[in-house]
Amino acid sequence: MPRIVVDVMPKPEILDPQGKAIAGALPRLGFTGFAEVRQGKRFELTIEGDVTEEVLEHARSAATTLLSNPVIEDVTRVEVIEDAQ
Amino acid sequence: MSVEVPLIGSLTDVDAVDSNLSGIRVGVVTFPGSLDDRDALRAVRLAGGTGVALWHADHDLKDVDAVIIPGGFSYGDYLRAGAISRFAPLMEQITAAASGGSLPVLGICNGFQVLTEAHLLPGSMIKNNHLHFLCRDQRLAVENSTTAWTSSYSEGSEVVIPMKNQDGQFVADEHTLDELEGEGRVVFRYVGGNPNGSRRDIAGITNKHGNVVGLMPHPEHAVEAGFGPDSSAFGEVDVRGGVDGLGIFTSVLQKLVNK
């Protein structure tokens, strides 16, 4: 079944405390060279049937009303992916 | 339905409460994951009012005169703190009644997060800047004593209120922060150091009408001598004797009884 992927990221101007903590931990494990880490969220909405423009529009609307809070987050992707068989 | 919340002894060193206040009904919403709903009901009763339990999935506000959205982890705080609660059937009624300025609504901690998600208050909450869960007695300055929930305090006075949260860092864009400051809508500010990185030390704000207030610390945990913080901003107290939070609840009752 096709899925719509929604990516949500903290806005660039918002401090991302989780990303910062991860960035601090990476060098301790030997993973150096990463200047910054931002932690976002990925949602997968599975569709029964075809992905019509109407379905996509619903997904976009859900992304901006429930899946993200526009005060602190941006929706960076709303995209259909087909399952690889 | 009013809820009987038994009081243990008469440990409160508050002057005898005004018996006229008992006719004022203050609803407290319980979501799945609310933790401090009973404490809020108890605080209403200790202040002299009548607490009314409300259920998030109901459509009935039960003729309450004011609403408290209590602390806890509504819907487990999945997705974002307060994000799912905003769409609860009862929240739609509360938002409709509160946005016009008539219904007094107080959001405490998770309740504050719910109010921002519901757009009744601006800004949002993110994780504390140090990433630790915070639990401490916090000193606050009362910056606005004209709201429905703060008239029992004098402006510029200080209170000691417990706070306990993980997502308590208040953020908003500079324009919104300037607007909040310019309109006197910062109600409480942290004193003695910023505990979580909140913009401009903001601990609590109100809407344009002053009927909706959100604050991060928990006044319902500072209403009864024997159970409150070890200190108070109003002078010496016994161990666990701080009752600085009671003014929040007497404020709304007094305002409603004088209406």
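The structure we're discussing is the one just above.
Residues numbered from 1 in each chain as written. Chains lettered and ligands numbered in written order. Predicted model: local features only at pLDDT ≥ 70, side-chain atom pairs only at ≥ 80, totals over all residues. Heavy atoms only, no water.

J.: I tried to follow helix H3 (residues 110-117) of chain B on my own but got confused; where do I start?
T.: An α-helix turns once per 3.6 residues; consequently, residues spaced three or four apart project the same way. Within H3 of chain B, eight of the eight residues are buried, leaving the element largely enclosed by the surrounding structure. Positioned one or two residues after H3 of chain B, His119 of chain B has a phi angle of 65 degrees, which is positive. (Buried < 20%, exposed > 50% of the residue type's maximum accessible area, 1.4 Å probe, protein only. Helix = DSSP H or I, 4+ residues; strand = E, 2+ residues; numbered from the N terminus.)

J.: What is the right way to read empty space enclosed by the protein from this model?
T.: Residues and elements named next belong to chain B. This structure, assessed with the given rule, holds one cavity of 30 Å³ or more. Estimates place the volume of the largest cavity at around 60 Å³. In terms of lining residues, the largest cavity is bounded by Gly72, Phe73, Asp77, Cys109, Asn110, Gln113, Lys164, Asn165, Gln166 and Asp167. (1 Å grid on protein atoms, 1.4 Å probe; cavity = no way out; pocket = protein on both sides within 12 Å on 5 of 7 lines; lining within 4 Å. Points joined across faces, edges and corners; volume = space filled by probe spheres on them.)

J.: What is the right way to read the layout of surface pockets from this model?
T.: Gaps left between atoms are located by rolling a probe of water-molecule size over the structure's atoms. If you add up the space inside the largest pocket, you get close to 490 Å³. Forming the walls of the largest pocket are 27 residues, and the residues nearest its centre are Gln18, Lys41 and Glu73 of chain A together with Lys127 and Asp167 of chain B. Elements with a minimum of two residues in the lining of the largest pocket: strand E1 (3-10) and helix H1 (17-25) of chain A together with H3 and strand E5 (124-126) of chain B. Residue composition of the lining of the largest pocket, grouped by class: 12 nonpolar, seven polar and eight charged. (Nonpolar A, V, L, I, M, F, W, Y, C, P; charged D, E, K, R; others polar.)

J.: Hey, could you run me through the interface of chain B and chain A in this one?
T.: The parts lose accessible area when they come together, and the size of an interface is often stated as this lost area. Taken together, the contact between chain B and chain A spans 17 residues of the former and 15 residues of the latter. Both sides of the chain B and chain A interface together cover about 1,200 Å² of buried area, and 69% of this is carbon and sulfur. In this structure, Arg80 of chain B and Glu73 of chain A form a salt bridge, with 3.7 Å as the shortest nitrogen-oxygen distance. Counting residues per element, the ones that place at least two in the side of chain B that touches chain A are E5 and strand E8 (169-171) of chain B. Among the elements that take part in the side of chain B that touches chain A, E5 of chain B stands out by supplying three residues, more than any other. Across the side of chain B that touches chain A, the residue classes break down as seven nonpolar, five polar and five charged. (Contact = heavy atoms within 4.5 Å. Buried area = accessible area lost by both parts, 1.4 Å probe. Salt bridge = Lys/Arg side-chain N within 4 Å of Asp/Glu carboxyl O.)

J.: Any chance you could explain the nonpolar core here in plain terms?
T.: For soluble globular proteins, nonpolar side chains are generally found buried alongside one another. Grouped together as the largest cluster of nonpolar side chains are 69 residues, with contacts concentrated most on Val67 and Ile68 of chain B. Top contributing element to this core by residue count: helix H5 (residues 246-257) of chain B, with six residues. For Val67 of chain B, the contacting residues outside a window of four places in its chain are Gly27, Val29, Leu54, Leu61, Ile94, Leu103, Pro104, Val105, Leu106 and Trp149 of chain B. By size, the runner-up hydrophobic cluster in this structure holds nine residues, among which are Phe43, Ile47, Ala63 and Leu67 of chain A. (Core = buried A, V, L, I, M, F, W, Y, C linked by side-chain atoms within 4.5 Å.)

J.: Is there a simple way to explain unusual backbone geometry in this structure?
T.: Glycine aside, the phi torsion of most residues is negative, and most peptide linkages are trans. All names here are of chain B. Backbone geometry places Asp63, a non-glycine residue, at a positive phi of 55 degrees. Considering the arrangement of structural elements, one finds Asp63 in the loop between strand E2 (50-55) and strand E3 (66-69). The exposure class assigned to Asp63 is exposed, which follows from its relative accessible area of 70%. A positive phi is found at Leu131, a non-glycine position, where the angle reads about 70 degrees. Mapped onto the fold, Leu131 is located in the loop between E5 and strand E6 (134-142). The exposure class of Leu131 is partly exposed, given its relative accessible area of 31%.

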